[in-house]
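# Report on the structure
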Amino acid sequence: MEMRYDEFDLNVIQNSGHFRKDDDMSVFFARELESVKKKTYDQKLANLNAAMLFPVSADADPGAATITYQSYGMVGVAKIIANYADDLPRVDVQGEEHTVKVFSIGESYGYSVQDVRAARMAGKPLNQRKATAARRANDAKVNSIAFKGDAEYGIVGILDNPNISTYAVPADGTSSATEFEKKTPVQILRDLNKAVSSIVELTNGVEIPDTIVLPIAQYNYLANTAYSDAVSDSILTVFKKNNPYIKEVFQANELKGAGASGKDIALIYVRDIDHVSLEIPLPFTQYTVQQDNLEFTVPCESRTAGVIPYYPLSMCKMEGI
């Protein structure tokens, strides 16, 4: 199967003046560059969990400067009335608009003319590490914005969102500690169940959380510690068996030290796109190669508004676990 390359890239390369028109160097570079771009776009990188934990939405136009969404609530109550009453109570729907900004993330990578000559002479593909590093830098920034925002640009991350409730973990572990590893399995299950139930109770049963995310250390502790001498199941297994709400328990390195004073956090929430989404109007995009003196540079860009919690009361944090 013949490889197809980007004609725009080829035109830039051929017009650079660095390769003769009568050899196949420029075609070689165009084909190699397309292969690098494709492999980089498909690259899967570990430990960047935002796109896995929060449903990704690309509904907004890439040209949008902001994303606005509406939330509605019912106001008013009915009452008992007399015959021929003309003072019927008014019931209505009250709406609020919320607007978040969309930000561009940019980076680039490139190859010198000599890089292309050397690859062509050796008959080896171009080194893909530069391109992979550009993709990694983009994904890491999107991931960081999703969890922690960006104070310089006024972006609020999901873990710092002031509208999300925080469950106060009882300080009744060893030496009045709140950390799971200093508590009994019974105390740990109580803390998890109460944090989950707090969402249900706060919303009068409207919001039913289905997901918990724990820091890696706490996840491993719960998954590898037996509940008791009489029950060989792990604490995590016992919790899953006896909790009517939670369907998934994940681990994420981003929750370590993410709370106040560097405390570890657990996040409990409803994991569907109607409740929360990671907004990426423009996914990682690599543009046509550009000539810069003796280097060919590939500009890259994406756009994101971070994570939007449409129903903040469907989420809860546990700090100090």
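What you see is a predicted model; the values in this text were computed from it and never measured.

Summing up its helical and strand segments, the chain has eight helices and 16 strands in all. Relative to all contacts within the chain whose residues are 6 or more apart in sequence, the contacts with residues 24 or more apart total 72%. Accessible area for the chain stands at about 17,800 Å²; split by element, carbon and sulfur atoms hold 50% of it.

The three strands lie next to each other as 1-11-15, forming an open sheet whose pairing is mixed. The open sheet has two free edges, formed respectively by strand 1 (56–57) and strand 15 (306–309), since each of these has just one partner strand. Bridge count for strand 1 against strand 11 (residues 276–279) is two bridges, and the pairing is parallel. Pairing of serine 57 across the sheet is with glutamate 279, part of strand 11.

This brings us to unusual backbone geometry. Backbone geometry places serine 176, a non-glycine residue, at a positive phi of 60°. Summarising the element assignment, serine 176 is placed in the loop between strand 7 (165–167) and helix 6 (185–202). Judged by relative accessible area, which is 55%, serine 176 ranks as exposed. You will see that asparagine 293, though not glycine, has its phi angle at about 55°, which is positive. By the secondary structure assignment, asparagine 293 is in the loop between strand 13 (290–292) and strand 14 (295–304). For asparagine 293, a relative accessible area of 63% corresponds to the exposed category.

Before going further, it helps to examine the nonpolar core. Counting residues in hydrophobic clusters, the biggest one holds 25 residues, and the most contacted among them are Leu53, Phe54, Phe147, Ile158, Leu159, Val213 and Tyr269. Secondary-structure elements contributing two or more residues to this core are helix 3 (50–53), helix 5 (129–148), strand 10 (265–269) and strand 11. Counting 24 residues, the second-largest nonpolar core is a separate cluster that includes Val169, Ile188, Leu222 and Val238.

The strand order across the open sheet formed by five strands is 7-16-10-8-9, and the pairing between neighbours is mixed. In this open sheet, the two edge strands, each paired with only one partner strand, are strand 7 and strand 9 (248–251). Recorded for the sheet is a direction-independent mean angle of 25° between the axes of neighbouring strands. Here strand 7 pairs with strand 16 (residues 315–319) via three bridges, running parallel. In the strand pairing of strand 16, serine 165 is matched with cysteine 316. Lying over the sheet, helix 6 contacts strand 7, strand 8 (211–214), strand 10 and strand 16, oriented at roughly 150° with respect to strand 16.

A few words now on helix 6. Relative to the 26 Å expected for 18 residues at 1.5 Å per residue, helix 6 spans 26 Å between its end C-alpha atoms, a close match to the ideal helical length. Of all the residues in helix 6, the buried ones are Gln187, Ile188, Leu189, Asp191, Leu192, Ala195, Val196, Ser198, Ile199 and Val200. Residues of helix 6 that are buried in the fold lie against strand 7, strand 8, helix 7 (216–224), helix 8 (235–242), strand 10 and strand 16. Backbone geometry just after helix 6 places asparagine 204 at a positive phi near 55°.

The rules behind each value
The residue numbering used here restarts from 1 in each chain and proceeds along that chain's sequence as written. With pLDDT at 70 or above as the cut-off, local features in this predicted model cover only qualifying residues; side-chain atom pairs require 80 or more to be listed or tallied, and sums for whole chains, interfaces and linings still use all residues. Water and hydrogen atoms play no part in the side-chain values, which are based on all heavy atoms of the structure. Helix and strand definitions here come from DSSP, where helices need a minimum of 4 consecutive H or I residues and strands a minimum of 2 consecutive E residues; each element is numbered from the N-terminal end. By definition in these notes, contact holds between two residues if any of their heavy atoms fall within 4.5 Å. Computed with the Shrake-Rupley method and a 1.4 Å probe, the accessible areas treat only the protein chains shown as cover for residues. Strand pairing requires that DSSP identify at least two bridges connecting the strands. Per-residue accessibility, obtained with a 1.4 Å probe over protein chains only, is compared with the maximum for each type, and a residue is labelled buried under 20%, exposed over 50%, and partly exposed between these values. As used in this record, nonpolar core signifies buried Ala, Val, Leu, Ile, Met, Phe, Trp, Tyr and Cys residues forming a set joined through side-chain atoms within 4.5 Å. Each axis is a line fitted through C-alpha atoms, taken for helices only over the stretch in contact, and angles between the N-to-C directions span 0 to 180 degrees. For a helix, the expected span equals 1.5 Å multiplied by the number of residues minus one.

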